[in-house]
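Remarks on the overall topology
For reference, the chains in residue letters:
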Amino acid sequence: PISSQSSQSTQFNENDTMTLPTIVEDEEERPTSNAKFKRIKTLHILVGFGFIYTVVLSSTLFAHRTYRKTIHGQYGETLKLGPKIKYSTQQLTKRSLKNGVSISTKVHIGTDLHKPKIDTSQIHIGTHLNHPQKHERMPLQIPEFAALTDSKIITSILKRESHFPSLDGRRQQRLKFKPGQLDISREETLRHCFAHPDIYRDQFPMRPQVTMVSDPYQVIYMMVPKSGSSTGRWIMEHVLDGEDEPFTIHGRELMEDGDYGNYTVLTFIRDPLSRFFSSYDEAYLRHGPWFDHKKKEKVFLKYMTNKKHPYPYLYENMTTWDDYQDAFCPPQLGLTRQECRMEETKENGTLAERFERFVWDYDGLHPFDLHLRLQVLHISNPQTGRARRVDEIYTTENTIDDWKFIVEWFGEELPENGEFQARSVPRRFDTSKVSLETKQRICNLAAIDYCCLNLQLPPECESDDVGVFCALDKSKRDGSLRIQPWLHPHQVPATRYSSAKPKST
């Protein structure tokens, strides 16, 4: 500061100058400049945020790696537990949503002295419903034993003549019954069907369904592959003036306020065991290496759902159509190639053996061809799991008589020359060489068709030891009744079957 003398008033002339005293500051007491101070402060803030971010990220990754192990519950549903949450066995079984159960392996479950601990030997860790291809087989947890409920009681509940029994709220009630014994129509049974959208995700059609629509007669034929669809398509086109119409997979067009809300919707179904034989035969043919030819590439890609075949052993030592034909029509028969096409199979068991191996490797949920999809899934909504509207269901046991009845109802007639009948090609593998246990496994894999279409089991699968049962429960979301298989395909064990013999042949 300037000395006090400088505070006195002083008069200056134009030529006068004033010299101010020199201000000398100590180097140690000189303050840091604002720019330098801001840079240092910003650097400290960035370092602090970086440290906090590193700690949070490391903790998150550690927690995810430690506590996010995946297992599957009784219904293939999801339960997420944190490190401080404890559940008893009953609570863990009761809680369910979807996609398996997430649980910490370090969490001590059921520490309450009054609640039992979970038997970890029954927990299958490291598998998720959404990624089954990474594992050989989906986890297995068979629902606890339950006594069979009389089909009359089930029918009474579905008709709303009786109330659904309720428990004390600890767990959801499931009624167990045999398929094909309900005293209601197949159409009514299908309306109560529920196909779990997560479990059967790859079974649902993922593209618009080609459906035959007859505007003059206001009738819709919903085609199910390998269930008389070729015959039905011909009749719809040439007799009832129908045309192909791609419908959405959700079936919105069939609702009351949809474009076809007042049309009659019909479909044909087939015994699931017989259909599985035919579906496999068709899929085997269409995915053979002989379809790599450029002229048939479009047909090949049309039916292919997995470009890399998941079961390559099916085509060992077979690269051409002639190799395949020699397997079911040996050259020793002396038949021409054209004659072999309509000849009953004479295979030595090689094709049947490969079929059996496929059945035991197949999980029933991820078909490599659309023909292997289950019938109920072809006509269901993949978002809700409920069936689309179907007014009339017929079976292939009386295909011609039923179609004759349908066209006569509209005042038409079928051609007398029978040209509407699809040309049936004999099956190329010998089903008589397929073991009883393999047929029983097929019935279990196709249980949802037997349950939701109210179809009786074939003699090979009638025994209770086979384990093909249905379940009736109530939806927790809206309280609606739901028909499902007692065991979903991924819950069917490979060692479940006994030496049960068919009741009749």
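Since this is a predicted model, take the numbers as computed values, not measurements.

1. Some remarks on the overall build of the protein chain
Counting its regular elements, the protein chain contains 14 helices and 10 strands. Here the protein chain, with 505 residues, has 46% of them falling under the buried criterion. A separation threshold of at least 6 residues defines the contact pool for the protein chain, and within that pool the share at least 24 residues apart is 75%. Here the protein chain displays about 29300 Å² of accessible surface, and carbon together with sulfur accounts for 50% of that area.

2. A word on the environment of G228
Tracing the sequence through the fold places G228 in the loop between β5 (219-221) and α5 (229-238). Distance in space between the C-alpha atoms of G228 and E397 is 9.8 Å, their sequence separation being 169 residues.

3. Here we look at α5
Here α5 has its buried residues at S229, T231, G232, W234, I235 and M236. Tucked inside the fold, the buried residues of α5 contact β4 (209-214), β5 and α12 (399-409).

4. Some details on the packing of aromatic side chains
Going through the model one piece at a time under the given rule, you end up with 32 aromatic pairs. Relative to W403, the ring of F268 has its centre 5.2 Å away and its plane inclined at 10 degrees; by these criteria the two rings are stacked. Highlighted residues: F268 in strand β7 (residues 264-269) and W403 in helix α12, separated in sequence by 135 residues. We classify F268 as buried; its relative accessible area is 1%.

5. Description of unusual backbone geometry
Phi is positive for R160, close to 65 degrees, though the residue is something other than glycine. Inspection of the secondary structure puts R160 in the loop between α3 (151-158) and β3 (175-177). Look at R160 and you get exposed, because its relative accessible area is 59%. In this model, D241 sits at a positive phi of 55 degrees, which is unusual for a non-glycine residue. As for its placement among the helices and strands, D241 is situated in the loop between α5 and β6 (243-247).

6. Points about the pairing of strand β9 (residues 470-474)
Regular strands place their side chains on alternate faces of the sheet. The buried count for β9 comes to 4 of 5 residues, which makes it a mostly enclosed element. Sheet topology places β3 next to β9; 3 bridges connect them, and they run antiparallel. Note on β9: the bridge partner recorded for F177 is C470. Sheet topology places β9 next to strand β10 (residues 481-485); 5 bridges connect them, and they run antiparallel. Residue pairing for β10: D473 is matched across the bridge by R482. Counted along the chain from β9 to the antiparallel partner β10, the turn is 6 residues long, and its residue G479 has a positive phi close to 75 degrees.

7. With respect to the sheet that holds β10
Taken in spatial order, the 3 strands of this open sheet run β3-β9-β10, and their pairing is antiparallel. Looking along the sheet, the strands with just one partner apiece sit at the ends: β3 and β10. For this sheet the average axis-to-axis angle between neighbouring strands, irrespective of direction, equals 25 degrees.

8. Things to note about the state of the cysteines
Going through the model one piece at a time under the given rule, you end up with 4 disulfides. Disulfide pairing places C193 opposite C452 at an S-S distance of 2.1 Å. Since a negative S-S torsion denotes a left-handed disulfide, the C193-C452 link at about 70 degrees is right-handed. Of this pair, C193 sits in the loop between α4 (186-191) and β4 while C452 is found in helix α14 (residues 447-452), placing the two residues 259 residues apart along the sequence. With a relative accessible area of 0%, C452 lands in the buried category. Here C329 pairs with C340 through a disulfide, and the sulfurs are 2.0 Å apart. Between C329 and C340 the disulfide shows an S-S torsion of about -60 degrees. By sign, it is left-handed. Placement of the pair is C329 in the loop between α8 (321-328) and α9 (337-341) and C340 in helix α9, with a sequence separation of 11 residues. Within the protein chain, bonded cysteines paired by disulfides and numbered along the sequence follow the pattern 1-6, 2-3, 4-7, 5-8.

9. Here's the deal with helix α13 (residues 436-445)
In terms of burial, α13 is a largely internal element, 9 of the 10 residues being buried. Among all positions in α13, only L436, T438, K439, Q440, R441, I442, C443, N444 and L445 are buried.

10. Quick notes on the nonpolar core
In terms of nonpolar packing, the biggest core is built from 78 residues, with Y284, F355, F358 and L472 touching the most fellow members. Of all the elements, helix α6 (residues 272-286) adds the most residues to this core, at 7 residues. Formed by 17 residues, the second largest nonpolar core is a distinct cluster that contains M223, M236, L240 and V407.

11. Concerning the sheet that holds β7
Spatially, β6-β4-β5-β7-β8 is the arrangement adopted by the 5 strands of the open sheet, whose pairing is mixed. Where the open sheet ends on each side, the last strands, each with one partner, are β6 and β8 (392-395). Going across the sheet, the axis of each strand differs from the next one's by a mean of 30 degrees, ignoring polarity. Its contacts with the sheet put α5 on β4, β5 and β6, and the angle it makes with β4 is roughly 40 degrees. The strands that α12 touches are β5, β7 and β8; relative to β7, the one it contacts most, it runs at about 170 degrees.

What counts as what
- Residues numbered from 1 in each chain as written.
- Predicted model: local features only at pLDDT ≥ 70, side-chain atom pairs only at ≥ 80, totals over all residues.
- Heavy atoms only, no water.
- Helix = DSSP H or I, 4+ residues; strand = E, 2+ residues; numbered from the N terminus.
- Buried < 20%, exposed > 50% of the residue type's maximum accessible area, 1.4 Å probe, protein only.
- Contact = heavy atoms within 4.5 Å.
- Areas by Shrake-Rupley, 256 points an atom, 1.4 Å probe, with all protein chains shown as cover.
- Phe/Tyr/Trp six-rings, centres within 6.5 Å; stacked < 30°, edge-to-face > 60°.
- Pairing = 2+ DSSP bridges.
- Axes fitted to C-alpha atoms, helices over the stretch in contact; angles between N-to-C directions.
- Disulfide = S-S within 2.5 Å.
- Core = buried A, V, L, I, M, F, W, Y, C linked by side-chain atoms within 4.5 Å.

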